[in-house]
Amino acid sequence: MERNALFITFEGPEGAGKSTQIKLLRDHLTALGCRVVVTREPGGTPLAEDFRNIVKHYHGEEPLYPATELLLFEAARAQHVNHVIKPALENNSIVLCDRFTDSTVAYQGAGRSLDRAFLQELNRFATSGCLPDLTLLFDLPVEVGLARAQVRAAKVENHNDRLEEEKIDFHHRVRQAFLEIARAEPQRVKVLDATLKIEELFEQVKQQVENALQRV
Ligand code: Z5A
(Lines give C-alpha, C1' and ligand atoms only; values in the text may rest on other atoms or scores of the structure.)
Protein backbone atom coordinates (compact mmCIF):
# COMPACT_ATOMS: atom_id res chain seq x y z
CA MET A 1 0.00 0.00 0.00
CA GLU A 2 1.52 3.34 -1.04
CA ARG A 3 1.47 5.82 1.83
CA ASN A 4 2.75 9.34 2.14
CA ALA A 5 5.87 10.02 4.12
CA LEU A 6 5.39 10.49 7.85
CA PHE A 7 7.92 11.34 10.52
CA ILE A 8 7.00 10.04 13.98
CA THR A 9 9.14 10.52 17.07
CA PHE A 10 8.87 8.64 20.36
CA GLU A 11 9.77 10.52 23.51
CA GLY A 12 9.57 10.11 27.24
CA PRO A 13 11.52 9.58 30.42
CA GLU A 14 13.72 6.58 31.08
CA GLY A 15 12.16 3.11 30.71
CA ALA A 16 8.91 4.40 29.23
CA GLY A 17 8.53 1.50 26.77
CA LYS A 18 9.30 3.41 23.56
CA SER A 19 11.44 0.68 21.97
CA THR A 20 8.79 -1.95 22.72
CA GLN A 21 6.06 0.11 21.04
CA ILE A 22 8.28 0.99 18.07
CA LYS A 23 8.85 -2.70 17.31
CA LEU A 24 5.12 -3.44 17.51
CA LEU A 25 4.30 -0.47 15.28
CA ARG A 26 6.98 -1.37 12.74
CA ASP A 27 5.52 -4.89 12.42
CA HIS A 28 1.96 -3.57 12.18
CA LEU A 29 2.75 -0.96 9.51
CA THR A 30 4.93 -3.36 7.54
CA ALA A 31 2.08 -5.89 7.52
CA LEU A 32 -0.13 -3.14 6.07
CA GLY A 33 2.39 -2.77 3.24
CA CYS A 34 4.00 0.48 4.38
CA ARG A 35 7.68 1.24 3.93
CA VAL A 36 9.00 1.73 7.45
CA VAL A 37 12.37 2.99 8.67
CA VAL A 38 13.17 2.51 12.36
CA THR A 39 15.94 4.62 13.80
CA ARG A 40 17.07 6.28 17.01
CA GLU A 41 18.86 9.19 18.62
CA PRO A 42 21.55 9.62 19.49
CA GLY A 43 22.67 7.35 16.66
CA GLY A 44 21.10 5.99 13.52
CA THR A 45 24.25 6.17 11.35
CA PRO A 46 27.67 4.59 12.00
CA LEU A 47 29.24 7.96 12.82
CA ALA A 48 26.31 9.10 14.96
CA GLU A 49 26.48 5.75 16.82
CA ASP A 50 30.10 6.60 17.73
CA PHE A 51 28.86 9.86 19.28
CA ARG A 52 26.16 7.84 21.08
CA ASN A 53 28.76 5.63 22.63
CA ILE A 54 30.56 8.67 24.04
CA VAL A 55 27.51 10.45 25.47
CA LYS A 56 26.15 7.26 27.03
CA HIS A 57 29.24 5.44 28.21
CA TYR A 58 32.19 7.84 28.54
CA HIS A 59 33.58 7.56 32.07
CA GLY A 60 37.11 8.92 31.58
CA GLU A 61 38.99 11.11 34.06
CA GLU A 62 38.43 14.28 32.07
CA PRO A 63 34.86 15.53 32.66
CA LEU A 64 32.40 15.56 29.78
CA TYR A 65 31.04 19.12 30.12
CA PRO A 66 27.34 19.88 29.53
CA ALA A 67 28.21 22.02 26.50
CA THR A 68 30.28 19.18 25.01
CA GLU A 69 27.50 16.68 25.65
CA LEU A 70 24.97 18.99 23.98
CA LEU A 71 27.14 19.48 20.90
CA LEU A 72 27.67 15.73 20.58
CA PHE A 73 23.89 15.18 20.57
CA GLU A 74 23.46 17.91 17.97
CA ALA A 75 26.37 16.67 15.83
CA ALA A 76 24.87 13.18 15.86
CA ARG A 77 21.49 14.70 14.92
CA ALA A 78 22.82 16.64 11.93
CA GLN A 79 24.46 13.47 10.63
CA HIS A 80 21.33 11.39 11.25
CA VAL A 81 18.87 13.84 9.67
CA ASN A 82 20.92 14.27 6.51
CA HIS A 83 22.04 10.69 6.10
CA VAL A 84 18.93 8.73 7.16
CA ILE A 85 15.78 10.70 7.96
CA LYS A 86 15.55 13.06 5.00
CA PRO A 87 16.34 10.36 2.41
CA ALA A 88 13.77 8.03 4.00
CA LEU A 89 11.06 10.69 3.91
CA GLU A 90 11.95 11.51 0.30
CA ASN A 91 11.44 7.81 -0.38
CA ASN A 92 7.89 8.04 1.05
CA SER A 93 8.75 5.97 4.11
CA ILE A 94 7.24 6.21 7.55
CA VAL A 95 10.12 7.05 9.89
CA LEU A 96 9.87 5.84 13.49
CA CYS A 97 12.54 7.59 15.53
CA ASP A 98 13.31 6.73 19.16
CA ARG A 99 13.99 10.19 20.67
CA PHE A 100 14.67 13.43 18.79
CA THR A 101 14.81 17.18 19.47
CA ASP A 102 12.38 17.14 22.43
CA SER A 103 14.87 14.99 24.33
CA THR A 104 17.45 17.75 23.99
CA VAL A 105 15.05 20.31 25.43
CA ALA A 106 14.11 17.95 28.27
CA TYR A 107 17.52 16.45 29.17
CA GLN A 108 19.96 19.23 28.32
CA GLY A 109 17.47 22.07 28.96
CA ALA A 110 15.62 20.96 32.09
CA GLY A 111 18.11 18.29 33.20
CA ARG A 112 21.38 20.16 32.66
CA SER A 113 19.88 23.69 32.96
CA LEU A 114 21.13 24.90 29.57
CA ASP A 115 19.36 27.83 27.92
CA ARG A 116 16.23 26.51 26.19
CA ALA A 117 15.96 29.22 23.53
CA PHE A 118 19.54 28.45 22.52
CA LEU A 119 18.77 24.71 22.43
CA GLN A 120 15.82 25.32 20.15
CA GLU A 121 18.05 27.37 17.85
CA LEU A 122 20.61 24.57 17.78
CA ASN A 123 17.85 22.03 17.09
CA ARG A 124 16.71 24.12 14.13
CA PHE A 125 20.29 24.27 12.86
CA ALA A 126 20.94 20.52 13.25
CA THR A 127 17.63 19.44 11.67
CA SER A 128 17.55 22.13 8.96
CA GLY A 129 13.79 22.25 9.43
CA CYS A 130 13.13 18.50 9.30
CA LEU A 131 10.57 18.23 12.13
CA PRO A 132 8.25 15.43 13.26
CA ASP A 133 4.65 15.27 12.03
CA LEU A 134 3.68 13.41 15.19
CA THR A 135 5.38 12.91 18.54
CA LEU A 136 4.16 10.26 20.95
CA LEU A 137 5.11 11.13 24.50
CA PHE A 138 5.15 8.08 26.77
CA ASP A 139 4.56 9.51 30.20
CA LEU A 140 5.04 7.61 33.45
CA PRO A 141 6.22 8.25 37.01
CA VAL A 142 10.00 8.56 37.14
CA GLU A 143 10.34 5.82 39.76
CA VAL A 144 8.43 3.33 37.61
CA GLY A 145 10.54 4.08 34.54
CA LEU A 146 13.85 3.87 36.42
CA ALA A 147 12.83 0.57 38.02
CA ARG A 148 12.07 -0.85 34.57
CA ALA A 149 15.39 0.43 33.22
CA GLN A 150 17.24 -1.15 36.15
CA VAL A 151 15.67 -4.54 35.53
CA ARG A 152 16.74 -4.32 31.90
CA ALA A 153 20.25 -3.04 32.78
CA ALA A 154 20.79 -5.98 35.14
CA LYS A 155 20.54 -8.28 32.11
CA VAL A 156 23.21 -6.38 30.15
CA GLU A 157 26.88 -6.87 31.00
CA ASN A 158 28.94 -3.68 31.55
CA HIS A 159 25.86 -1.49 31.43
CA ASN A 160 27.10 1.89 32.62
CA ASP A 161 24.87 4.67 31.35
CA ARG A 162 25.88 8.25 32.32
CA LEU A 163 22.39 9.73 32.00
CA GLU A 164 20.54 6.92 33.76
CA GLU A 165 22.93 7.40 36.68
CA GLU A 166 21.77 10.99 37.26
CA LYS A 167 19.99 11.79 40.54
CA ILE A 168 16.22 11.35 40.79
CA ASP A 169 15.62 15.12 40.73
CA PHE A 170 17.21 15.32 37.28
CA HIS A 171 14.70 12.76 35.98
CA HIS A 172 11.75 14.59 37.58
CA ARG A 173 12.79 17.80 35.77
CA VAL A 174 13.06 15.87 32.52
CA ARG A 175 9.57 14.42 32.88
CA GLN A 176 8.05 17.82 33.64
CA ALA A 177 9.82 19.36 30.65
CA PHE A 178 8.34 16.75 28.32
CA LEU A 179 4.87 17.49 29.68
CA GLU A 180 5.44 21.24 29.17
CA ILE A 181 6.39 20.62 25.54
CA ALA A 182 3.19 18.62 25.08
CA ARG A 183 1.10 21.43 26.60
CA ALA A 184 2.77 23.97 24.31
CA GLU A 185 2.33 21.87 21.13
CA PRO A 186 -0.83 19.77 21.53
CA GLN A 187 -1.29 19.31 17.77
CA ARG A 188 2.06 17.58 17.34
CA VAL A 189 2.64 15.95 20.74
CA LYS A 190 0.20 13.33 22.03
CA VAL A 191 0.65 12.17 25.62
CA LEU A 192 0.10 8.47 26.29
CA ASP A 193 -0.12 6.74 29.67
CA ALA A 194 2.97 4.53 29.64
CA THR A 195 1.89 2.65 32.78
CA LEU A 196 -0.73 0.81 30.71
CA LYS A 197 -0.14 -2.79 29.70
CA ILE A 198 1.91 -3.16 26.51
CA GLU A 199 -1.10 -4.27 24.41
CA GLU A 200 -3.42 -1.52 25.73
CA LEU A 201 -0.80 1.12 25.07
CA PHE A 202 -0.27 -0.21 21.57
CA GLU A 203 -3.97 0.26 20.78
CA GLN A 204 -3.55 3.96 21.60
CA VAL A 205 -0.36 4.18 19.55
CA LYS A 206 -2.13 2.70 16.52
CA GLN A 207 -5.03 5.13 16.93
CA GLN A 208 -2.74 8.17 17.01
CA VAL A 209 -0.76 6.96 14.01
CA GLU A 210 -3.92 6.24 12.04
CA ASN A 211 -5.15 9.78 12.78
CA ALA A 212 -1.85 11.21 11.63
CA LEU A 213 -1.86 9.13 8.43
CA GLN A 214 -5.30 10.48 7.60
CA ARG A 215 -3.98 14.04 7.93
CA VAL A 216 -1.06 13.68 5.46
N1 Z5A B 1 19.35 12.02 25.26
C2 Z5A B 1 19.65 13.31 25.62
O3 Z5A B 1 20.05 13.56 26.77
N4 Z5A B 1 19.53 14.29 24.70
C5 Z5A B 1 19.14 14.07 23.43
O6 Z5A B 1 19.06 15.00 22.62
C7 Z5A B 1 18.82 12.72 23.07
C8 Z5A B 1 18.94 11.72 24.00
C9 Z5A B 1 18.38 12.42 21.67
C10 Z5A B 1 19.48 7.58 25.20
O11 Z5A B 1 19.37 6.41 25.91
C12 Z5A B 1 19.81 8.64 26.24
O13 Z5A B 1 20.16 9.86 25.59
C14 Z5A B 1 18.62 8.93 27.09
C15 Z5A B 1 18.27 10.39 26.82
C16 Z5A B 1 19.51 10.93 26.23
N17 Z5A B 1 19.06 8.75 28.42
N18 Z5A B 1 18.50 8.69 29.46
N19 Z5A B 1 18.37 8.56 30.58
P20 Z5A B 1 18.76 5.07 25.35
O21 Z5A B 1 18.40 5.22 23.90
O22 Z5A B 1 19.67 3.96 25.70
O23 Z5A B 1 17.57 4.82 26.31
P24 Z5A B 1 16.16 5.51 26.40
O25 Z5A B 1 15.81 6.22 25.13
O26 Z5A B 1 16.14 6.29 27.65
O27 Z5A B 1 15.13 4.34 26.44
P28 Z5A B 1 15.08 3.15 27.38
O29 Z5A B 1 15.37 3.50 28.77
O30 Z5A B 1 15.94 2.12 26.73
O31 Z5A B 1 13.60 2.75 27.45
P32 Z5A B 1 12.46 2.58 26.37
O33 Z5A B 1 12.95 2.28 24.99
O34 Z5A B 1 11.57 3.73 26.52
O35 Z5A B 1 11.73 1.30 26.94
P36 Z5A B 1 11.79 -0.26 26.50
O37 Z5A B 1 13.22 -0.69 26.27
O38 Z5A B 1 10.78 -0.54 25.49
O39 Z5A B 1 11.27 -0.87 27.88
C40 Z5A B 1 12.02 -0.80 29.06
C41 Z5A B 1 11.69 -2.04 29.94
O42 Z5A B 1 10.32 -1.95 30.35
C43 Z5A B 1 11.83 -3.37 29.18
O44 Z5A B 1 12.28 -4.33 30.06
C45 Z5A B 1 10.38 -3.67 28.72
O46 Z5A B 1 10.14 -5.03 28.58
C47 Z5A B 1 9.57 -3.06 29.85
N48 Z5A B 1 8.28 -2.50 29.37
C49 Z5A B 1 8.04 -1.89 28.20
N50 Z5A B 1 6.76 -1.49 28.11
C51 Z5A B 1 6.18 -1.85 29.28
C52 Z5A B 1 4.86 -1.70 29.79
N53 Z5A B 1 3.89 -1.08 29.10
N54 Z5A B 1 4.61 -2.18 31.02
C55 Z5A B 1 5.59 -2.79 31.75
N56 Z5A B 1 6.86 -2.98 31.30
C57 Z5A B 1 7.16 -2.51 30.09
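Residues numbered from 1 in each chain as written. Predicted model: local features only at pLDDT ≥ 70, side-chain atom pairs only at ≥ 80, totals over all residues. Heavy atoms only, no water.

> Now, about the sheet that holds strand E1 (residues 6-11): what can you tell me, with residues and values included?
Pairing is parallel across the open sheet formed by 5 strands, whose spatial order is E2-E3-E1-E4-E5. Each edge of the open sheet is held by one strand with a lone partner, namely strand E2 (36-40) and strand E5 (189-193). With direction set aside, neighbouring strand axes in the sheet form an average angle of 20 degrees. In this structure, E2 lies alongside strand E3 (residues 94-98), joined through 5 bridges in parallel fashion. Each residue of the ladder has a partner; that of threonine 39, found in E3, is cysteine 97. Lying on the sheet, helix H7 (residues 168-184) is in contact with E1, strand E4 (134-139) and E5; it crosses E4 at an angle near 140 degrees. (Pairing = 2+ DSSP bridges. Helix = DSSP H or I, 4+ residues; strand = E, 2+ residues; numbered from the N terminus. Axes fitted to C-alpha atoms, helices over the stretch in contact; angles between N-to-C directions. Contact = heavy atoms within 4.5 Å.)

> Residues and numbers for the nonpolar core, please.
In summary, soluble globular proteins display a tendency toward joint burial of nonpolar side chains. Ile8, Leu136, Phe138 and Val209 are the most contacted members of the largest nonpolar core, which has 22 residues in total. Counting only elements with at least two residues in this core, the list comes to E1, helix H1 (18-31), E3, E4 and helix H8 (198-215). At 6 residues, H8 tops the list of elements feeding residues into this core. Each residue touching leucine 136, except ones within four places of it in the same chain, is listed here: Ile8, Thr9, Phe10, Glu11, Lys190, Leu192, Val205, Gln208 and Val209. Counting residues in each nonpolar core, the second largest holds 18 residues, with Leu163, Phe170, Phe178 and Val189 among its members. (Core = buried A, V, L, I, M, F, W, Y, C linked by side-chain atoms within 4.5 Å. Buried < 20%, exposed > 50% of the residue type's maximum accessible area, 1.4 Å probe, protein only.)

> Tell me about the pattern of salt bridges, and name the residues and values.
Inspection of every chain in the model, using the stated rule, returns 18 salt bridges. In this structure, arginine 152 engages glutamate 14 in a salt bridge whose closest nitrogen and oxygen atoms are separated by 4.0 Å. Residue arginine 152 is located in helix H6 (residues 142-154), and its partner glutamate 14 is located in the loop between E1 and H1; the two are separated by 138 residues in the primary sequence. For arginine 152, a relative accessible area of 40% corresponds to the partly exposed category. Residue classification places glutamate 14 among the buried positions, given a relative accessible area of 13%. Across the pair arginine 77 and glutamate 41 runs a salt bridge whose closest N-O atoms are separated by 2.7 Å. Note that arginine 77 is positioned in helix H3 (residues 66-90) and glutamate 41 in the loop between E2 and helix H2 (46-57), a separation of 36 residues in sequence. Side by side, arginine 77 and glutamate 41 carry an identical accessibility label, which is buried. (Salt bridge = Lys/Arg side-chain N within 4 Å of Asp/Glu carboxyl O.)

> Any details on the packing of aromatic side chains? Residues and values, ideally.
Applying the stated criterion across every chain, the model contains 4 aromatic pairs. Ring geometry for phenylalanine 7 versus phenylalanine 100: centroids 5.1 Å apart, planes at 75 degrees, classification edge-to-face. With a gap of 93 residues between them, phenylalanine 7 in strand E1 and phenylalanine 100 in the loop between E3 and helix H4 (101-111) connect regions that are remote in the sequence. Each member of the pair phenylalanine 7 and phenylalanine 100 is classed as buried. Measuring from centroid to centroid gives 6.0 Å for phenylalanine 10 and phenylalanine 138, while their planes differ by 10 degrees, and the two rings are stacked. (Phe/Tyr/Trp six-rings, centres within 6.5 Å; stacked < 30°, edge-to-face > 60°.)

> Give a description of the packing of H4 against H7 that names residues and reports values.
One can describe the packing of H4 onto H7 by two numbers: an axis separation of 8 Å at closest approach and a directional angle of 135 degrees. Classed by the angle they form, the pair H4 and H7 counts as oblique. Seen from above, H4 lies across H7 with right-handed handedness. The segment H4 lies against H7, with Asp102, Ser103, Val105, Ala106, Tyr107, Ala110 and Gly111 engaging Phe170, Arg173, Val174, Ala177, Phe178 and Ile181. A per-class count over the contact of H4 with H7 returns 9 nonpolar, 2 polar and 2 charged. (Parallel < 35°, antiparallel > 145°, perpendicular 65-115°, else oblique. Left-handed = near helix turned anticlockwise from the far one by under 90°. Nonpolar A, V, L, I, M, F, W, Y, C, P; charged D, E, K, R; others polar.)

> Outline the side chain of arginine 99, supporting the account with residue identities and numerical values.
Within the secondary structure, arginine 99 is located in the loop between E3 and H4. Summary of buried charges: arginine 99 has no salt-bridge partner, and the nearest side chain of opposite charge, glutamate 11, is 4.0 Å away. Of note is the side chain of arginine 99, whose polar atom sits 3.2 Å from the side chain of tyrosine 107. (Lys, Arg positive; Asp, Glu negative; His and termini not counted. Polar contact = N/O pair within 3.5 Å; in protein donor to acceptor, adjacent residues only side chain to side chain.)

> Before we move on, could you go through the site of the ligand and cite the residues and values that matter?
If you check the shell around the ligand, you find 27 residues, and the closest are Glu14, Ser19, Thr20, Lys56 and Arg152. Between the ligand and glutamine 108, the relevant distance is 2.8 Å, taken from a nitrogen atom to a side-chain nitrogen or oxygen of the residue. Starting from 1100 Å² of accessible surface for the ligand in isolation, the protein chains cover 86%. Looking at which element gives the most residues to the shell around the ligand, the answer is H4, with 4 residues. Within the shell around the ligand, the residues separate by chemical class into 9 nonpolar, 7 polar and 11 charged. (Near = heavy atom within 4 Å. Areas by Shrake-Rupley, 256 points an atom, 1.4 Å probe, with all protein chains shown as cover.)

Just distances and angles here, no functional claims.
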